[in-house]
Amino acid sequence: DIFVKHLKQFPYLANQASPYGHEAQVIHYVASNGVEMYRQMVPFNLVAFVEILLANGADKYAKMKVYGGEFGPWQLYSSSIHPYKAGIDEVAIKSLLA
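Residues numbered from 1 in each chain as written. Predicted model: local features only at pLDDT ≥ 70, side-chain atom pairs only at ≥ 80, totals over all residues. Heavy atoms only, no water.

What follows covers the overall build of the protein. Counting secondary structure elements, the protein contains 6 helices and 2 strands. Listed by position from the N terminus, the elements making up the protein come as α-α-α-β-β-α-α-α. For 98 residues, the compact-globule estimate of 2.2 N^0.38 gives 13 Å, and the protein sits close to it at 13 Å. In the protein, buried positions account for 38% of the 98 residues. Within the protein, contacts between residues separated by at least 24 positions form 57% of all contacts whose residues are at least 6 apart in sequence. When the accessible area of the protein is evaluated, it comes to approximately 5,900 Å², of which 60% is carbon and sulfur surface. Averaged over its 8 positive side-chain charges, the protein has a centre that lies 1 Å from the centre of its 8 negative ones. (Helix = DSSP H or I, 4+ residues; strand = E, 2+ residues; numbered from the N terminus. Rg over C-alpha atoms; globule rule 2.2 N^0.38 Å. Buried < 20%, exposed > 50% of the residue type's maximum accessible area, 1.4 Å probe, protein only. Contact = heavy atoms within 4.5 Å. Areas by Shrake-Rupley, 256 points an atom, 1.4 Å probe, with all protein chains shown as cover. Lys, Arg positive; Asp, Glu negative; His and termini not counted. Charge placed at Lys NZ, Arg CZ, Asp CG, Glu CD.)

This is the structure in structure tokens:
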């Protein structure tokens, strides 16, 4: 898988903060909430994607700046309508992010 290959080759990417003011990391993008509206898409393999990120050093407690505060991936994910509409299993994601 190309994503895993890149994470192995460039391990800093798992926790690289965006240069934008929100300072989101990849783990925040999978939460599908608060990071550039046009990027709020939920892949069908979201659970596997989160597992790969965490196995490669992503910080599930990392905070991003959005909505006037700082929030972690689980807070963002659990308040987003996008994963719900996509039918993503909340129990599986919660076991990874909460």
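Read on for the rest.
This brings us to the packing of helix α3 (residues 46-55) against helix α6 (residues 90-97). The interhelical angle for the contact between α3 and α6, taken along N-to-C directions, is 10°, at an axis separation of 10 Å. Taken together, α3 and α6 sit at an angle that is classed as roughly parallel. In this structure, α3 uses Leu46, Val47, Val50, Glu51 and Leu54 to contact α6, whose residues at the interface are Ala92, Ile93, Leu96 and Leu97. Considering only residue class, the contact of α3 with α6 consists of 8 nonpolar, no polar and 1 charged. (Axes fitted to C-alpha atoms, helices over the stretch in contact; angles between N-to-C directions. Parallel < 35°, antiparallel > 145°, perpendicular 65-115°, else oblique. Nonpolar A, V, L, I, M, F, W, Y, C, P; charged D, E, K, R; others polar.)

Moving on, we get to unusual backbone geometry. Despite not being glycine, Glu23 has its phi angle at roughly 55°, a positive value. In this structure Glu23 comes out as partly exposed when scored by relative accessible area, which is 36%. Positive phi values are uncommon outside glycine, yet Tyr67 reaches one of about 55°. When you line up the elements, Tyr67 lands in the loop between β1 (64-66) and β2 (69-71).

A separate point is the environment of Lys65. Mapped onto the secondary structure, Lys65 falls in strand β1. By relative accessible area, which is 38% here, Lys65 ends up partly exposed. With sequence-adjacent residues up to four places away left out, Lys65 is seen in contact with Gly21, His22, Glu23 and Glu70. A distance of 3.3 Å separates polar atoms of two side chains, one belonging to Lys65 and the other to Glu23. (Polar contact = N/O pair within 3.5 Å; in protein donor to acceptor, adjacent residues only side chain to side chain.)

Any two packed helices are characterised by the angle at which their axes cross and by the distance between the axes. Two elements in contact, helix α1 (residues 2-9) and α3, have axes separated by 11 Å at closest approach and are oriented at 15°. On the basis of the axis angle, α1 is roughly parallel to α3. Once α1 is placed against α3, the crossing between them reads as right-handed. Note on element contacts: α3 touches α1 through Phe49, Ile52 and Leu53, opposite Phe3, Val4 and Leu7. (Left-handed = near helix turned anticlockwise from the far one by under 90°.)

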